[in-house]
Amino acid sequence: LPVPPFDFVVFGGTGDLSLRKLMPGLFYREADRQIIGDSRIIAVSRTDQTVGQFRNQVAGALDRYVPAADRHPEVVERFLARLHYVALDATRGEGWGDLRDALAPAEEKVRVFYLATSPSLFGAICRNLKDAGLVSDTCRVVLEKPLGHDRKSAQAINEEVGAVFPEERIFRIDHYLGKESVQNLMVLRFGNALFEPLWDSGWIDHVQITVAESIGVEGRAEYYDRAGALRDMVQNHFLQLLCLVAMEPPSSLSEDTMRNEKIKVLRALRPIGAAEVKQKTVRGQYRPGAVDGKPVPGYLEELGGRNQSNTETLVSIKCEIDNWRWGGVPFYLRTGKRMPTRCSEIVIQFKAIPHNVFGKGAGELAANKLVIRLQPDEGVRLSIMTKVPGPGGLRLRSVPLNLSYAEAFKDRYPEAYERLLMDVVRGNPALFMRRDEVDAAWAWIDTIQAAWVETDMKPEPYSAGSWGPISSALLLARDNRSWHDAE
Ligand code: BG6
């Protein structure tokens, strides 16, 4: 369905995120004719360049990030014609005239300010927008992650932005919530009668969430070295995934109902302090190795040959949710750069059956396992015990029931940003993080971060292309369990 006409202003409009994700995402929405009327996309950046130069830059980005088959020349032309460019140092109070001139009256169009800059600029940009008279009471602001560096800095940003925009018009984006496979998680849980009655400590032994990446830090070393995997991935994407797996059924998907359930999970996460941080968390940092048979440099080399860094590029955590549903069910989280493959999945490991009626000779009875594959090869796999056909004795084997998205749905499905950008224009905040969620997530992360400092827990080396240091396997082995990929 088309969205209302808009002026979409992107601060940091020539940056990596804008060119790699936002522009291609908006391009696809153009191709589907969801963008109508004289909607415009206005990039703001300090670089002094013409709109023609900016359009060329975006055309280049489309060549790189959109497959040729999807780049119909008339759609590219239509899309490029929507692009405008304003050179502006948004941290300064003056020079806002060009942007003001570029915008249609706010009563006529939805006006969105997308802040794809360093979070340290969010406050200043919002203040300047207000002082320049560009904020009306219908404008929306989108905040990219990372939202601060810890709870305190996030609170400061939220205060500054909140002084200009009311909470219902602040869209804190976490692109994982826009992924089709993540949304399907809710449909799987609440659109089927089958799973929900089993979705608790009575039936589930434990949960694993893995987001493995084969890429390294990709030219983002400066940012990454200040963040590390815990802040870069766990504070946001992982805790959101964990909430969707663990939350109580919301009464609807509208605005706050789901967010009200998610916040309860975040607040029930058991803090991991200095006394147990070494048993419950693992930090790793990659050394040179090989991914897909190709040699790759180590993290320190990517930092420009530094001989030391205390930043983790991999983290594994055993966490617990202190509530009635999940008491005694550990959630194991793991994410890392330069792992053997790109693969994100959630594994729900059910408990073993209480009694084996088949006798030992029939073979091991593996407990049921539900694997929700988020990317790539999105799908859902449920392993069930089956009789191996044939005469003679009864033999059993675990066999998967397999749902592959690619086989079930032939149409291209949208990238996470496409869906979320259109939700902003429609004014639907349900898939964006509320201020209290960000705050609760940081509170939990800060405790771990402080415990690492207090116990002087350094990242352990692992070879690029491996599943991480041995301690990551031991985190589960100590509980007589193992990571799904190790089985
Ligand atoms: C970003 C992180 O938020 O998510 C990156 O900053 C990471 O470090 C990326 O690579 C992963 O996203 P995706 O969609 O490729 O899984």
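Calculation rules
- Residues numbered from 1 in each chain as written.
- Predicted model: local features only at pLDDT ≥ 70, side-chain atom pairs only at ≥ 80, totals over all residues.
- Heavy atoms only, no water.
- Pairing = 2+ DSSP bridges.
- Helix = DSSP H or I, 4+ residues; strand = E, 2+ residues; numbered from the N terminus.
- Axes fitted to C-alpha atoms, helices over the stretch in contact; angles between N-to-C directions.
- Contact = heavy atoms within 4.5 Å.
- Buried < 20%, exposed > 50% of the residue type's maximum accessible area, 1.4 Å probe, protein only.
- Arc of directions from axis to C-beta.
- Near = heavy atom within 4 Å.
- Polar contact = N/O pair within 3.5 Å; in protein donor to acceptor, adjacent residues only side chain to side chain.
- Nonpolar A, V, L, I, M, F, W, Y, C, P; charged D, E, K, R; others polar.
- Parallel < 35°, antiparallel > 145°, perpendicular 65-115°, else oblique.
- Left-handed = near helix turned anticlockwise from the far one by under 90°.
- Phe/Tyr/Trp six-rings, centres within 6.5 Å; stacked < 30°, edge-to-face > 60°.
- Lys NZ or Arg CZ within 6 Å of the ring centre and 35° of its normal.
- UniProt positions renumbered as here; feature names shortened; annotations may be inferred.
- Salt bridge = Lys/Arg side-chain N within 4 Å of Asp/Glu carboxyl O.
- Core = buried A, V, L, I, M, F, W, Y, C linked by side-chain atoms within 4.5 Å.

(A) Geometry of the sheet that holds strand β5 (residues 140-143). With parallel pairing, the six strands of this open sheet are ordered in space as β3-β2-β1-β4-β5-β6. The sheet terminates laterally at β3 (83-87) and β6 (170-172), the two strands that pair on one side only. With direction set aside, neighbouring strand axes in the sheet form an average angle of 20°. On the sheet, helix α5 (residues 122-131) packs against β1 (6-11), β4 (110-115) and β5 and is oriented at approximately 150° with respect to β4.

(B) Broad picture of helix α16 (residues 470-477). Of the positions making up α16, those classed as buried are S471, S472, L475 and L476. For α16, the angular spread of buried residues about the axis comes to 145°, placing them on one side. Those residues of α16 hidden inside the fold are in contact with β7 (204-212), α11 (277-280), β8 (281-287), β11 (314-319), β12 (331-336) and β17 (460-463).

(C) Structural context of the site of the ligand. Taken together, K145, H175, Y176, K179, E213, R220, D232, M233, H237, K337, R342 and Q375 make up the full set of residues near the ligand. In the environment of the ligand, an oxygen atom lies 2.8 Å from a nitrogen or oxygen atom belonging to the side chain of K145. At 2.6 Å from an oxygen atom of the ligand is found a side-chain nitrogen or oxygen belonging to K179. Taken together, the residues of the shell around the ligand break down into two nonpolar, three polar and seven charged.

(D) The arrangement of the packing of helix α6 (residues 151-162) against helix α15 (residues 435-454) in detail. Two numbers describe how α6 lies on α15: the axes approach to 9 Å, and their chain directions differ by 165°. Put simply, α6 runs roughly antiparallel to α15. Viewed along their axes, α6 and α15 form a crossing whose handedness is right-handed. Contact residues: α6 offers R151, A154, Q155, N158 and E159, while α15 offers R435, V438, D439, W442, A443 and D446. Grouping the constituent residues of the contact of α6 with α15 by class yields four nonpolar, two polar and five charged.

(E) Representation of the packing of aromatic side chains in the model. According to the stated counting rule, one finds 17 aromatic pairs in the structure shown. Ring geometry for Y405 against F409: centres 5.9 Å apart, planes inclined by 80°, an arrangement best described as edge-to-face. Judged by its relative accessible area of 48%, F409 falls in the partly exposed class. Pairwise contacts between aromatic rings join F11, W96, F113 and F165 into one cluster. In this structure, R283 packs its charged tip against the face of W452, placed 4.3 Å from the ring centre. Above the ring of Y28, the side-chain terminus of R412 is found at 3.4 Å from the ring centroid.

(F) Structural view of the side chain of T335. Within the secondary structure, T335 is located in strand β12. Residue T335 is classed as buried on the basis of its relative accessible area of 2%. Side-chain polar atoms of T335 contact the backbone oxygen of V211, separated by 2.8 Å. Sequence-distant contacts of T335, defined by excluding residues within four places in its chain, comprise V211, A229, M233, V234, F238, T313, L314 and V315.

(G) Up close: the sheet that holds β11. Strands sit in the order β16-β15-β14-β13-β7-β12-β11-β8-β17 across an open sheet of nine strands; the sheet is mixed. Of all strands in the sheet, those bounded by a partner on one side alone are β16 (396-404) and β17. On average, each strand axis in the sheet is tilted by 20° relative to the strand beside it, whichever way the strands run. As paired elements, β7 and strand β13 (residues 343-350) share eight bridges and run antiparallel to each other. Bridging from a neighbouring strand, H206 pairs with Q349 of β13. Contacting β13, β14 (369-375) and β15 (379-387), helix α7 (residues 180-190) runs over the sheet at an angle of about 150° to β14. Set on the sheet, α16 makes contact with β7, β8, β11, β12 and β17; between it and β11 the angle comes to about 10°.

(H) Looking closely at the UniProt feature "domain: Glucose-6-phosphate dehydrogenase NAD-binding" (unreviewed entry) in the protein. Taken from the UniProt record, the annotation "domain: Glucose-6-phosphate dehydrogenase NAD-binding" (unreviewed entry) applies to residues 9-184. Along residues 9-184, the helical share is 42% and the strand share 15%, with 30 Å between the first and last C-alpha atoms.

(I) View of the pattern of salt bridges. For the structure shown, the criterion picks out 44 salt bridges. Note that R189 is salt-bridged to E196, the shortest N-O span being 2.9 Å. Pair check on accessibility: R189 and E196 agree, each one buried. The shortest N-O distance in the salt bridge between D479 and K318 comes to 2.9 Å. With D479 in the segment after α16 and K318 in strand β11, this pair connects stretches of sequence that are 161 residues apart. By relative accessible area, D479 is classed as partly exposed at 24%.

(J) Representation of the side chain of S309 within the structure. With respect to the helices and strands, the residue S309 is situated in the loop between α12 (299-302) and β11. Overall, S309 belongs to the buried group, its relative accessible area being 8%. There is a polar contact of 3.1 Å between the side chain of S309 and the backbone nitrogen of T311.

(K) Representation of the nonpolar core within the structure. One finds F11, L99 and F331 to be the most contacted residues of the largest nonpolar core, which totals 142 residues. Counting residues per element, this core draws most heavily on helix α9 (residues 229-246), at twelve residues. The contact partners of F331, leaving out residues within four places of it in the chain, are V207, L242, V245, A246, I317, K318, C319, I321 and W326.

(L) Just the UniProt feature "binding site: NADP(+)" (unreviewed entry) in the protein, in detail. This chain's UniProt record puts "binding site: NADP(+)" (unreviewed entry) on R46 and K145. Residues in contact with R46, not counting those within four places in the same chain, are Y85, A87, L88 and D89. Looking at the secondary structure, you find K145 in the loop between β5 and α6. Given a relative accessible area of 21%, K145 falls into the partly exposed group. Apart from the residues within four sequence positions on either side, K145 is in contact with I173, Y223, D232, N236 and H237. Of the polar contacts made by the side chain of K145, one reaches the side chain of D232; its length is 3.1 Å.

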